[in-house]
Amino acid sequence: MRILLHLRADGPLELPINYQEYLIGFIYKNINDEKYRSFLHEIGYTFQTKTYKHFAFSRILGNGRYNPSKKTITFKPPFSLLVASPLDRFLQEFAHSMLLSADLRIGPYRIELESFETLPEPDPFPDVIRIRALSPIVIYSTLNHPNGVKYTYYYAPHHEQFSPMIEANLKRRYFSLYPMDDELMQSPFSIKPLHVEKRHKVVTRFRGIVIEGWMGEYEVTGDPRLLRLAYNSCLGGKGSQGFGTFEII
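Residues numbered from 1 in each chain as written. Predicted model: local features only at pLDDT ≥ 70, side-chain atom pairs only at ≥ 80, totals over all residues. Heavy atoms only, no water.

## Points about the overall build of the chain
- Helix and strand counts for the chain stand at 6 helices and 17 strands.
- For 249 residues, the compact-globule estimate of 2.2 N^0.38 gives 18 Å, and the chain sits close to it at 18 Å.
- Projected onto its principal axes, the C-alpha positions of the chain cover 50 × 40 × 35 Å.
- Of the contacts made within the chain by residues no fewer than 6 positions apart, 74% connect residues no fewer than 24 positions apart.
- A total of about 12800 Å² of accessible surface is found on the chain, and carbon and sulfur atoms cover 50% of it. (Helix = DSSP H or I, 4+ residues; strand = E, 2+ residues; numbered from the N terminus. Rg over C-alpha atoms; globule rule 2.2 N^0.38 Å. Contact = heavy atoms within 4.5 Å. Areas by Shrake-Rupley, 256 points an atom, 1.4 Å probe, with all protein chains shown as cover.)

Put into structure tokens, the structure is as follows:
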């Protein structure tokens, strides 16, 4: 499920370029059930030793202006935020907490919830969708350098391993929630860049780590169950850090 939050503030929000940590704090703070919040943050859902939080969020959607001298971005209210999760409990907890909270903040700024809406999804869900990224799509491998040092390699959309890596990540996330299905595991999947240029590359620094991701438009083909999960979470890795959300176009 996806919910779109319509937010406002008394004045502009001037945030650092890499402001996703503010949004992570905003989301976790608005899960009142302490045990459930701790489970998501500390444990999550596991498949093949990989752990997933199963929520994602977009960039702030609205009128934003980049300030190169200060390396900040300023958003004029009103603005919106998309939050997605296949977990009904997560969205129920989050929406309920949002409605009851008298102190909503993004970073140091107090904001107000004007309204929120549950976004519809295709029914039945198709096996081919054309999408536009709302936050950068990230997929990577941890490799060993010949000198023995480990490093992270981020795949660009035209790399031959981009689609297989996205597929493997999506299927692992699916089976961290649902029983193993060999037929679905072997089902074909692809993601093809349709309109992706150099300018769509986004380099972000998160907690001291440089992350490379890509905006742009893509065609995604696969089993509708997998595409529905992607729609209600993300494509690629680091969804709970603010990456991989998209809209169907």
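Past the structure itself, the notes keep going.
## A closer look at a nonpolar patch on the surface
- Together, Leu-99, Leu-100 and Phe-116 give the surface a local cluster of nonpolar side chains, amounting to about 300 Å² of exposed area.
- Of note, Leu-99 is situated in helix 3 (residues 88–100).
- The exposure class of Leu-99 is exposed, given its relative accessible area of 55%. (Patch = residues over 30% accessible without salt bridge, like charges linked within 9 Å, V, L, I, M, F, W, Y side chains within 5 Å. Salt bridge = Lys/Arg side-chain N within 4 Å of Asp/Glu carboxyl O. Buried < 20%, exposed > 50% of the residue type's maximum accessible area, 1.4 Å probe, protein only.)

## Side note on the environment of Ser-38
- With respect to the secondary-structure elements, Ser-38 resides in helix 2 (residues 34–43).
- Classification of Ser-38 by relative accessible area gives partly exposed; the value is 37%.
- Along the backbone, Ser-38 and Phe-175 are 137 residues apart, and their C-alpha atoms lie at a distance of 22 Å.

## Observations concerning the nonpolar core
- Judged by nonpolar contacts, the single largest core of 37 residues is most densely connected at Leu-5, Phe-26, Val-83, Phe-90, Ile-106 and Ile-111.
- Elements that contribute at least two residues to this core include exactly strand 1 (2–9), strand 2 (13–16), helix 1 (20–29), helix 2, strand 7 (72–84), helix 3 and strand 8 (104–106).
- Those residues within four positions of Phe-90 in sequence are excluded, and the remaining contacts are Ile-27, Ile-31, Tyr-36, Leu-40, Phe-55, Val-83 and Ser-85.
- Ala-133, Leu-184, Val-202 and Met-215 belong to the second largest nonpolar core, which has 30 residues in total. (Core = buried A, V, L, I, M, F, W, Y, C linked by side-chain atoms within 4.5 Å.)

## Overview of the pairing of strand 7
- Along strand 7, 10 of the 13 residues are buried, which leaves the element largely enclosed by surrounding structure.
- Judged from the 6 bridges that link them, strand 1 and strand 7 form a sheet pairing that is antiparallel. Directly across from Ile-3, in strand 7, lies its bridge partner Val-83.
- Two elements, strand 2 and strand 7, share 4 bridges in a ladder whose sense is antiparallel. Its bridge partner being in strand 7, Glu-14 is matched across the sheet by Thr-74.
- In this sheet, strand 7 lies alongside strand 6 (residues 61–67) in antiparallel orientation, the contact comprising 7 bridges. Residue pairing for strand 7: Tyr-66 is matched across the bridge by Ile-73. (Pairing = 2+ DSSP bridges.)

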